[in-house]
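Architecture at a glance
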Amino acid sequence: MAELHGMRISTMTRSVRRALGLGAVIGVLGHTGAVLAQEAADAVAAKPMPRVEITGSAIKRIESETALPVQVITREEIDKVGVTTASEILARLSANVGGLTDGASINVGGDQRGFNSANLRGIGTSSTLVLLNGRRMANFASPGDDTGVDLNNIPAAAIQRVEVLLDGASALYGTDAIGGVINFITRKDYQGVELNAYGLKTQEGGAGKRKASVTAGFGDLAKDGFNVFAVADVQKSNALSTSQRDFIGDLRVPQRLPHLLSGYTSPANIRLSSAQRDELQAQNFTINGKPITNRTINPSVPTCAPPANLYLPAGIGGVDACTYDYMRDTELFPKSDKTNLLTRGVLQISPNSQLYAEVALSHSKTWYIGSGARADDAEIDYKKIPAFAGYTLSPDEDADPDAPVTVGLRMRMNEAGRRATELTSDSQRYVVGLTGTANGWDYDVGLNHSVNKIKDRDTHGYLLKDRMLQGIADGLINPFGPSSQAGVDLLNSIQVDDVARRARGTMDSVDFKVSRAIGTLAGGDAALAVGGEYRRERTSYTPSALLLSDNINNDPAPEEERANSNSRKVKAVFGELLLPFTKQWEAQLSARYDHYQVVGGAASPKVGISYTPTKTMLFRASAGRGFRAPSMNDLYRATIYSSTATLPDPQYCATVDFSLADCADNWSTRRYSNANLKPEHSRQFSTGMVIQPTKNASMTIDYWNIKRTDLISEIGDDIILGNLAKYGNLVHRDEDGLIDYIELRKENRGAQKASGIDLVLDYNGVRTWAGNFGGRLSGTYVFTSKIQNDVGDPYVSNLGRFVTDGVVQRWRHTINFDWDQGPYSATLSNTFSSAYNDQNSAINTDDGTVVAANRVSSYSLWDLSGAWQVNKAFKLRAGIQNLFDKAPPFSNQAYFFLSGYDPTYTDPRGRRFYASASYAFK
């Protein structure tokens, strides 16, 4: 991909192009030969090259290079690797680490399901700015810790190229882009009709995909004075269940991670009180021919009900009960339907001005299927349990034999079906603008209205809690086997089908920018650009009445859950100055001032310099400051009630001889927003070089360094419990000294540091008797990635180490090997992530042991594709993704709902075969 191809148009320097000639640049792009170079040179001489604007600068220029590192992904490169969504495109970008994906968001209760995001440098989704044609879109509306554009709303079929500005804190687009800017650029002037069809099938089944798109346009802007075009794209993906993948069994989750499994089973486990257990022991009650020892028992031991319900003595169910392996009864990849439409019209209203309008509509629906629901708080009279016939559970029963004596149930509602949620994300974006030239000034002014709407719907497996509990207590719903028809009818009648949560985010803005040459320096024209933006951001969140009633089993309404609506205004101005001092030296100076209502404002300067000492070498450097205002969710989100991973409480541990079996637990947490947050501040700099020793070979290397202060974050629950001397006030305890809940509050705390290098090697246009060959490598090597949780605390590194919620791998790369001859072409590509130390902290509360230390192995995927240009209009392509059927490596991480591997960067689909066809009518 062109992110591997850093020497492309947007990253070569002006001096390199002048020195080597246009023919050399054509050679870099894979075309060589003196004839082609001469023809191109003649064409340039006959017709001046148009001035263009690229990501990172507001000044149009004939050449498109700047002092800032910009990587480009072209439409051709997207087609070669067979990806069809914006999220899949960015998954191959080595600088993109830990973004949200469909796989990682599989859960049965987490927020922001369905959100696909970018995360440059691994410093956070909220610090990566995603644009469509250089302008913002409304953020994903569901409240949560991450703020950003949902990549599902990017019309992938309309993408002409993707420009990635890897230098953060953009003075042009917004200094909240601390990690960088990703600009999806669509076609602008298309004529004709193009039809595309795509199909993908996995070797083991599941996760298939079908896609079709139509592109149509008419009107020649130069001849007719107008152009109108539209791109419609529809794609459907099938779900992937754990039962469809052999590698799930190979992970050996029950043996390696028994503490991550569940004690809620089907048939149900019975939870006795200590007195009830003692009474049964006195009556010589046995299970599996042995006296019971635990309070949790199951009469079906040892058969249980495989494959999901296991007899696993070392598991959380213990020796007298069953253990539920939800990794045998959930989905790894969701079913989804995605529809996008983008249409754009341009009208030449005068020789020097154009009126344009753009409409982008998207509809994304994703179905998340998790394991069957737990029957929370279920109880039943023990006399209704056949296994207890002839036994008593209370010595007081003789006095009142009719008095009910209940036992608790740890029951999974398999008869109700697996929990299913339908997540719908709808996006609308309307832009109207005017661009052109007047009195020597290039100008562009636009109005932008963008909306994202989310509906989170419980569709199956969630039951009305009161009637479910009554049905269990009455014996209509059988906890230990198939229910009667009356029980089945009851389950069907209390299924919840309710849009439990609605969210809406709206952004309205007006922006302008003007630029012109302001003089001549030794290296060319000096130029100035100024611009500004005014926008209003609005968010609303509405839980349903049923959710607020707290009567949906397994989808509880936390305290303070309420509807809310908030808005704010943002103003910004910026300026940019281009100074080509000499043929070798050029400076790009810029500054921006942003002001956020309530939060305040800040100025963010930036300077970039490029130097070309020889005809084949460029040096560049940039430095700047930025700030990120707290998001609306950071400021106003309602309290979220959740729980920690299994962690020890040092205060309680001291009273039980530090037995982790007794003092470790999943402690309750309350996560608070904070209306008094201040902005984060950043400083970043980069320095690099570009070398092109021959017209076929080039190398780009850039060092980058980012530091954020006043970091908006919560202190991790593991950090709090690990330093009670400092953070003990955040741990709220009951009268017995046990943890009631842990307070996780958004604050401006500590700092974050990240640094590394981006490397691009490109060798193309090599002609041989066997065809033309080329290769590209793009990689990111990270030197530093660490967070300081509070001022004065030591930095905690997540580089090559899974910490709290993820890892930043030391090295990531993508490699492409290309071949073509006549109408045939082929590409072999590899994506790679280096090995790292696992989370290695999960505790088994049965025996107090800590999970065995593990190092997650590297992850390398190879893809192969081939294409045949049948004629000028018709093209066929076929390929294999994950050529060697590489499975995700084992991980003991306990952060994500899916266990046994890390779903953020791995792909559970296995080997996949795809084919596509395109036909263009011109």
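Criteria and thresholds
- Residues numbered from 1 in each chain as written.
- Predicted model: local features only at pLDDT ≥ 70, side-chain atom pairs only at ≥ 80, totals over all residues.
- Heavy atoms only, no water.
- Helix = DSSP H or I, 4+ residues; strand = E, 2+ residues; numbered from the N terminus.
- Rg over C-alpha atoms; globule rule 2.2 N^0.38 Å.
- Buried < 20%, exposed > 50% of the residue type's maximum accessible area, 1.4 Å probe, protein only.
- Contact = heavy atoms within 4.5 Å.
- Areas by Shrake-Rupley, 256 points an atom, 1.4 Å probe, with all protein chains shown as cover.
- Lys, Arg positive; Asp, Glu negative; His and termini not counted.
- Charge placed at Lys NZ, Arg CZ, Asp CG, Glu CD.
- Salt bridge = Lys/Arg side-chain N within 4 Å of Asp/Glu carboxyl O.
- Patch = residues over 30% accessible without salt bridge, like charges linked within 9 Å, V, L, I, M, F, W, Y side chains within 5 Å.
- Pairing = 2+ DSSP bridges.
- Disulfide = S-S within 2.5 Å.
- Arc of directions from axis to C-beta.
- Axes fitted to C-alpha atoms, helices over the stretch in contact; angles between N-to-C directions.
- pLDDT = per-residue confidence, 0-100.
- Polar contact = N/O pair within 3.5 Å; in protein donor to acceptor, adjacent residues only side chain to side chain.

**With respect to the overall build of the protein chain**
Helix and strand content of the protein chain: 16 helices and 47 strands. At 30 Å, the protein chain has a C-alpha radius of gyration in line with the 29 Å of a compact globule built from 922 residues. Counting only C-alpha atoms and orienting by the principal axes, one finds that the protein chain spans roughly 110 × 60 × 45 Å. Across the 922 residues of the protein chain, 57% fall into the buried class. Long-range contacts, defined as pairs at least 24 residues apart, comprise 73% of the intrachain contacts of the protein chain with a sequence gap of at least 6. Of the accessible surface of the protein chain, which amounts to about 36,000 Å², a share of 55% is contributed by carbon and sulfur atoms. In the protein chain, the 97 positive side-chain charges and the 99 negative ones have mean positions that sit 10 Å from each other.

**Some remarks on the pattern of salt bridges**
Taken as a whole and judged by the stated rule, the model has 46 salt bridges. For E76, the salt bridge goes to K80, with nearest N and O atoms at 4.0 Å. Residue E76 and its partner K80 are both found in helix α3 (residues 75–81); the two are separated by four residues, about one turn of the helix. By relative accessible area, which is 49% here, E76 ends up partly exposed.

**Section: a positive patch on the surface**
On the surface, a cluster of positive charge is contributed by K453, K455, R502 and R504. Taken together, the elements giving at least two residues each to the positive patch come down to β21 (441–460) and β22 (498–521). One can find R502 in strand β22. The exposure class assigned to R502 is partly exposed, which follows from its relative accessible area of 43%.

**Description of the pairing of strand β30 (residues 680–691)**
Direction of pairing for strand β27 (residues 617–628) relative to β30: antiparallel, over a ladder of 12 bridges. Residue R620 lies in a different strand from β30, and its bridge partner there is G688. Bridging between β30 and strand β31 (residues 697–709) involves 11 bridges; their strand directions are antiparallel. Bridging from a neighbouring strand, I691 pairs with M699 of β31.

**A look at the state of the cysteines**
Tallied over the full model, the rule gives two disulfides. In this model C304 forms its disulfide with C322; the gap between the sulfur atoms is 2.1 Å. The S-S bond linking C304 to C322 shows a torsion near -95 degrees; that makes this disulfide left-handed. On the criterion of sequence distance, the pair formed by C304 in the loop between β12 (296–297) and β13 (309–310) and C322 in the loop between β13 and β14 (323–324) is long-range, its members being 18 residues apart. Here the two residues C304 and C322 agree in accessibility, since each one is buried. One disulfide in the model links C653 with C663; its S-S distance is 1.9 Å. Looking along the S-S bond of the C653-C663 disulfide, the torsion reads about 85 degrees, which is the right-handed sense. Placement of C653 in helix α13 (residues 650–653) and of C663 in helix α14 (residues 660–663) is noted, with a sequence separation of 10 residues between them. Like C663, C653 is buried.

**Some points on helix α8 (residues 274–282)**
Taken together, the buried positions of α8 are occupied by Q276, E279 and L280. Each buried residue of α8 sits inside an arc of 95 degrees when the element is viewed along its axis, so together they form one side. Within α8, the exposed residues directed more than 90 degrees away from the buried face are A275 and A282. In this structure, the buried residues of α8 make contact with β9 (269–271) and β19 (406–410). Positive phi shows up at N284, right after α8, with a value of about 60 degrees.

**Observations regarding the sheet that holds strand β1 (residues 70–74)**
The strand order across the open sheet built from four strands is β1-β3-β4-β2, with neighbouring strands paired in mixed fashion. Either end of the sheet is taken by a strand with one partner, and the two such strands are β1 and β2 (128–132). For this sheet, the mean inter-axis angle between neighbouring strands, taken without regard to orientation, is 15 degrees.

**Regarding the pairing of strand β47 (residues 912–921)**
Sheet topology places strand β5 (residues 192–202) next to β47; 10 bridges connect them, and they run antiparallel. Residue pairing for β47: V193 is matched across the bridge by F921.

**Looking at the confidence of the model for the protein chain**
Mean pLDDT for the protein chain: 88, with 91% of residues reaching 70 or above. Highest mean pLDDT in the protein chain belongs to strand β46 (residues 874–881) (98); lowest belongs to helix α1 (residues 14–28) (31). Ignoring residues within four places in sequence, the model shows residues 1–47, a span with pLDDT below 50, making 123 contacts including any to other chains.

**A look at the sheet that holds β19**
Read across the sheet, four strands follow the order β12-β9-β19-β18 without closing on themselves; strand pairing throughout is antiparallel. The sheet is open, and its two borders are formed by β12 and β18 (379–381), each paired with just one other strand. Direction of pairing for β18 relative to β19: antiparallel, over a ladder of three bridges. Across the sheet, D381 pairs through a bridge with T406, a residue of β19.

**A few points about the side chain of R568**
Turning to its location among the elements, R568 is positioned in strand β24 (residues 564–579). Within the local environment of R568, its side chain forms a polar contact with the backbone oxygen of P630, the two atoms lying 2.8 Å apart. Among all residues touching R568, those that are not within four sequence positions of it are R535, R536, E537, Y596, Q597, V599, P630, S631, M632 and L635.

**Details of helix α10 (residues 485–493)**
What α10 keeps buried is the set G487, L490 and L491. End-on view of α10: buried residues confined to an arc of 100 degrees, all on one side of the axis. Away from its buried face, by an angle of more than 90 degrees, α10 presents the exposed residues Q485 and N492. In the core, the buried residues of α10 are packed alongside α9 (465–473).

**Quick word on a negative patch on the surface**
Judged by side-chain charge, D734, E735, D736 and D740 come together as a negatively charged surface patch. The residue D740 is located in strand β34 (residues 739–745) in this model. Residue class for D740 comes out partly exposed when judged on its relative accessible area of 41%.

**Points about the environment of Q191**
Here Q191 is to be found in the loop between β4 (180–186) and β5. Judged by relative accessible area, which is 35%, Q191 ranks as partly exposed. Q191 sits 28 residues away from G219 along the chain, and the two C-alpha atoms are 6.6 Å apart. In this view, Q191 contacts G217, F218, G219, D220, N227 and K922; residues no more than four positions away in its chain are not counted.

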